[in-house]
Amino acid sequence: MILARVTGELDLLSTPVLQQWIAQHAPRSRSQGFVLDMRDVDFFSAAGLGVLTGLADHAAHHGVPWALVADTRIVLRPLYVTGLEQRLPLYRSVVDALDAVRDSVHTA
C-alpha cells in the first residue's frame with residue numbers, strides 16, 4: 001500500500017510535480033492500493049481538481065483501489081461545488097482511508 005501526503009499549494013506550478021510523481025509511483029495492479037492524503041494542502045486550484053480526476057481515471061483503468069483524504073474547507077469546497085466528491089473515494093481520516101483500501105485489496 002502506498003500512502004502519499006501532499007502539503008502546501010496545489011496550483012498550476014505544483015500540479016505537474018504531483019502528476020509526475022503519480023505517474024511514476026501509483027500502483028498499476030489491484031493487488032496494491034493507494035491513499036492520497038491532502039489534509040495539509042493550504043491552496044487548491046482547478047489544476048488540482050484535474051490531477052484528482054486523472055488519478056481517478058488511472059485507478060479505474062488499472063483496477064487500483066485508492067482513497068483521497070481531505071478534511072479542510074480548502075480542499076472539500078471545490079470537490080463539493082464541482083460534484084467530484086461523488087466520483088472520488090473521499091475520507092476524512094487516514095485510518096478510515098487505509099482501512100477501506102486495505103479491504104478492497106484483500107477482497108480482490
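That block above? That's the structure.
To start, this report covers the structure provided alongside it. (Residues numbered from 1 in each chain as written. Predicted model: local features only at pLDDT ≥ 70, side-chain atom pairs only at ≥ 80, totals over all residues. Heavy atoms only, no water.)

Of the regular secondary structure elements, the protein chain holds 4 helices and 4 strands. Helices (α) and strands (β) of the protein chain occur, in sequence order from the N terminus, as β-α-β-α-β-α-β-α. Its C-alpha radius of gyration of 13 Å places the protein chain within 12% of the 13 Å reference for a compact globule of 108 residues. Along the first, second and third principal axes, the C-alpha set of the protein chain runs to 35 × 25 × 20 Å. (Helix = DSSP H or I, 4+ residues; strand = E, 2+ residues; numbered from the N terminus. Rg over C-alpha atoms; globule rule 2.2 N^0.38 Å.)

Another aspect to go through is the sheet that holds strand 1 (residues 2-10). Reading across from one edge, 1-2-3-4 is the order of the 4 strands in this open sheet, with parallel pairing throughout. Bordering the open sheet on either side are strand 1 and strand 4 (90-91), each of which pairs with just one other strand. Relative to strand 3 (residues 66-69), strand 2 (residues 34-44) is paired through 4 bridges, and the arrangement is parallel. Bridging from a neighbouring strand, V35 pairs with A67 of strand 3. Contacting strand 2, strand 3 and strand 4, helix 3 (residues 73-82) crosses the sheet at an angle of about 105° to strand 2. Here helix 4 (residues 94-106) sits on the sheet and contacts strand 1, strand 2, strand 3 and strand 4; the angle it forms with strand 2, its principal contact strand, is near 150°. (Pairing = 2+ DSSP bridges. Contact = heavy atoms within 4.5 Å. Axes fitted to C-alpha atoms, helices over the stretch in contact; angles between N-to-C directions.)

Okay, the pattern of salt bridges next. Side-chain pairing between opposite charges can occur once the charged atoms of the two side chains come close. Counting across every chain of the model gives 4 salt bridges. Between R5 and D40 there is a salt bridge, with its nearest N and O atoms 2.3 Å apart. In this pair, R5 sits in strand 1 while D40 sits in strand 2, placing the two residues 35 residues apart along the sequence. Across the pair R102 and D99 runs a salt bridge, and its minimum N-O distance is 3.2 Å. Placement of both R102 and D99 in helix 4 is noted, with a separation of 3 residues, approximately one turn of the helix. Owing to a relative accessible area of 35%, R102 belongs among the partly exposed residues under this scheme. (Salt bridge = Lys/Arg side-chain N within 4 Å of Asp/Glu carboxyl O. Buried < 20%, exposed > 50% of the residue type's maximum accessible area, 1.4 Å probe, protein only.)

Let us look at the pairing of strand 3. Neither face of strand 3 is open: one carries W66 and L68, the other A67 and V69, and all of them are buried. Traced from strand 2 through helix 2 (residues 46-62) to strand 3, the parallel crossover comes out right-handed. Two elements, strand 3 and strand 4, share 2 bridges in a ladder whose sense is parallel. Counterpart to V69 in the pairing with strand 4 is Y91. (Right-handed = clockwise from strand over helix to strand, strands pointing away.)

Function cannot be inferred from these measures alone, as they are strictly geometric.
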